[in-house]
Amino acid sequence: MKRLIYLAVLTPMLFVGCSKKQDANKKAEEETFSVKTEVATAQEIDRIYEFSSTVDAEVKNYITSAGGTRIEKIMVEVGDRVRKGQQLVKMESTNLATTMAQLENLKVELDRMKALYQSGGVSKQQLDQIQVQYDVAKKSADNLKTNIYLTSPIDGVVTMRNFDNGDVAASQPILQVMKINPVKVKINVAESFYTKVKVGMQVVLRTETFGDEEFVGKISLIYPTIDPSTRTFTCEVKVNNANGRLKPGMFGRVELNLGRENAILVSDKAVVKQSGSNDRFVFVEKDGVVEYRKVTLGRRLDDKFEIVSGVNEGDNVVITGQSKLLDGSKVKVVK
């Protein structure tokens, strides 16, 4: 019984509420609002596209021993600058000494076998067998000699160290050396731009670390394939880093200018953010009535926005007085 009474009281209230809302909307539609408008214009602008990327070294080299050899001494630390051919690590030479002794014994035996072969004391097959043993031992010794001192193959910076003196170098590299002048940045560009992007084109790099400071680079490599899952292709950009300020791992944004094209521009006052979402819209006026238009924005150019879709050249867009407007509202354009 109480529930019936509650519903009897609530139902008229709901009808009254809905009626008031409808009346408000009807009043808003019938009321004429004063607005200012501006004509959307087409203008030739630089077609600049932005790509997110990460700064990387131009070259990375891993300094690794030829086997499970003990490290006698590491001569550099992380952060040290090194030159090409500089000795970085000395490995233990015990194996080399053993191998050299074996090689010397094989050399004596080889010379003896050669003398016997000349006098007919041994066959050619026996001589060949000892020659093979000697050649294998010599190659092993030469390899060990090469790996006693590990050198840097590039001019660069030591960026990683995995072992200490006395450790046995296992599967991991002992050191990593990076060449960071220039640095390299990779960007993934939409397939539709493949014919427009050329090696040597200039780009601008900005990083989170240095804010709006610009670093100029050039496209150095264009990959010859398209990724079928993203419909993009990869470009490598080289950026001069003589002062070493750019560090591998920095987050960056690359701007690429693909020429000039016509674009629709409207005042930034015309563009309104949809409450509760990231959508943007404008009101377009025609014959005293406004139409709601959802728009897609491109670049911001000073006090104007590029409109990718939603507005046509010559449309009268409302720039003031939008707060009370609805789709279909009547307006009066004032100067």
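Rules of the game
Residues numbered from 1 in each chain as written. Predicted model: local features only at pLDDT ≥ 70, side-chain atom pairs only at ≥ 80, totals over all residues. Heavy atoms only, no water. Helix = DSSP H or I, 4+ residues; strand = E, 2+ residues; numbered from the N terminus. Rg over C-alpha atoms; globule rule 2.2 N^0.38 Å. Buried < 20%, exposed > 50% of the residue type's maximum accessible area, 1.4 Å probe, protein only. Contact = heavy atoms within 4.5 Å. Areas by Shrake-Rupley, 256 points an atom, 1.4 Å probe, with all protein chains shown as cover. Lys, Arg positive; Asp, Glu negative; His and termini not counted. Charge placed at Lys NZ, Arg CZ, Asp CG, Glu CD. Pairing = 2+ DSSP bridges.

J.: What exactly am I supposed to notice about the overall build of the protein here?
T.: Of regular secondary structure, the protein possesses three helices and 18 strands. Its C-alpha atoms give the protein a radius of gyration of 38 Å, clearly above 20 Å, the size a compact globule of 335 residues would have. Expressed as lengths along the three principal axes of its C-alpha atoms, the size of the protein is roughly 125 × 70 × 40 Å. Counting every position in the protein, which comprises 335 residues, the buried fraction comes to 33%. For the protein, contacts bridging at least 24 residues in sequence account for 71% of all contacts bridging at least 6. Surface summary for the protein: the accessible area is close to 20,400 Å², and the carbon and sulfur share equals 50%. One way to put it: in the protein the 49 positive side-chain charges average out to a point 2 Å from where the 43 negative ones average out.

J.: Please explain the pairing of strand S12 (residues 251–267) as it appears in this structure.
T.: The two faces of a sheet get side chains in turn, since along a regular strand they alternate between them. Both strand S2 (residues 41–63) and S12 contribute to a ladder of 13 bridges, which runs antiparallel. When the sheet's bridge partners are listed, Tyr49 is paired in S12 with Leu256. In terms of strand pairing, strand S9 (residues 202–207) meets S12 through five bridges, oriented antiparallel. By the bridge assignment, Leu205 is partnered in S12 with Val254. Where S12 lies against strand S16 (residues 304–309), four bridges are found, and the strand directions are antiparallel.

Limitation: the analysis is restricted to geometry and does not speak to function.
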